[in-house]
Amino acid sequence: MGTKRLAVVLKTRSGHYFVGPNNGLLSLVAERDGIEALRQIDERVNRRPGSDESHTFHGRDVFAYTGARLAAGVIGFDQVGPALAPQS
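The rules behind these values
Residues numbered from 1 in each chain as written. Predicted model: local features only at pLDDT ≥ 70, side-chain atom pairs only at ≥ 80, totals over all residues. Heavy atoms only, no water. Helix = DSSP H or I, 4+ residues; strand = E, 2+ residues; numbered from the N terminus. Contact = heavy atoms within 4.5 Å. Pairing = 2+ DSSP bridges. Core = buried A, V, L, I, M, F, W, Y, C linked by side-chain atoms within 4.5 Å. Buried < 20%, exposed > 50% of the residue type's maximum accessible area, 1.4 Å probe, protein only. Phe/Tyr/Trp six-rings, centres within 6.5 Å; stacked < 30°, edge-to-face > 60°. Lys NZ or Arg CZ within 6 Å of the ring centre and 35° of its normal. Salt bridge = Lys/Arg side-chain N within 4 Å of Asp/Glu carboxyl O.

Our next topic: the environment of Thr66. Relative to the helices and strands, Thr66 resides in helix H2 (residues 58-71). Counting along the chain gives 46 residues from Thr66 to Gly20, while the straight-line C-alpha distance between them is 9.8 Å. The contact partners of Thr66, leaving out residues within four places of it in the chain, are Val9, Ile41, Asn46, Ile75 and Val80.

As structure tokens, then:
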């Protein structure tokens, strides 16, 4: 991973998903749309196959991969990874 920030998926009260690093940017979404739930991405199962050695392309290997699988219905929100407290 490029940084120590957690990779997360935020689910808004309207049911939309936002995928990215927990670096403060999603707080703008949280303020505007509210948070229904927040989950840490479990990279052991939600990471582009064959990218284990890549530590610089999290956008491609984790965020886009997890977001696409979630949008396509391949995984459910509960399969993203462990739940986090919304204020985290």
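What follows concerns the sheet that holds strand E2 (residues 17-21). Read across the open sheet, the four strands follow the order E2-E1-E3-E4; overall the sheet is antiparallel. Since the sheet does not close on itself, it has two edges, and those belong to E2 and strand E4 (83-84), each with one partner. Across two bridges, the pairing between strand E3 (residues 35-40) and E4 is antiparallel. The residue bridging Arg39 from the neighbouring strand is Ala83, located in E4.

Core analysis: the largest hydrophobic core is formed by nine residues, namely Ala7, Val9, Ile41, Val62, Phe63, Leu70, Ile75, Phe77 and Val80. Here this core gets three residues from one element, more than from any other, and that element is H2. Apart from residues lying up to four places away in sequence, Val9 is in contact with Tyr17, Phe18, Val19, Ala37, Leu38, Arg39, Ile41, Thr66, Leu70, Phe77 and Val80. Residues Val8, Leu10, Leu38 and Leu84 belong to the second largest nonpolar core, which totals six residues.

Here the structure, examined in full by the defined rule, presents one aromatic pair. Taking NZ or CZ as reference, Arg39 lies 5.3 Å from the ring centre of Phe77, over its face.

Let's shift gears to the pattern of salt bridges. Counting across every chain of the model gives six salt bridges. Glu43 is the salt-bridge partner of Arg47, the closest N and O atoms lying 2.9 Å from each other. For Arg48, the salt bridge goes to Asp61, with nearest N and O atoms at 3.1 Å. Here Arg48 is found in the loop between E3 and H2, whereas its partner Asp61 is found in helix H2, with 13 residues between them in sequence. Classification of Arg48 by relative accessible area gives partly exposed; the value is 32%.

Counting buried positions along strand E1 (residues 7-12) yields six of six residues, so the element is predominantly enclosed. Relative to E2, E1 runs antiparallel, the two sharing five bridges. Among the inter-strand pairings, Val9 is bridged to a residue of E2, identified as Val19. Count of turn residues in the E1/E2 antiparallel hairpin: four residues, of which Gly15 carries a positive phi of about 90°. Of the strand pairs in this sheet, E1 and E3 are connected by five bridges, and their pairing is antiparallel. In the strand pairing of E3, Lys11 is matched with Ala37.

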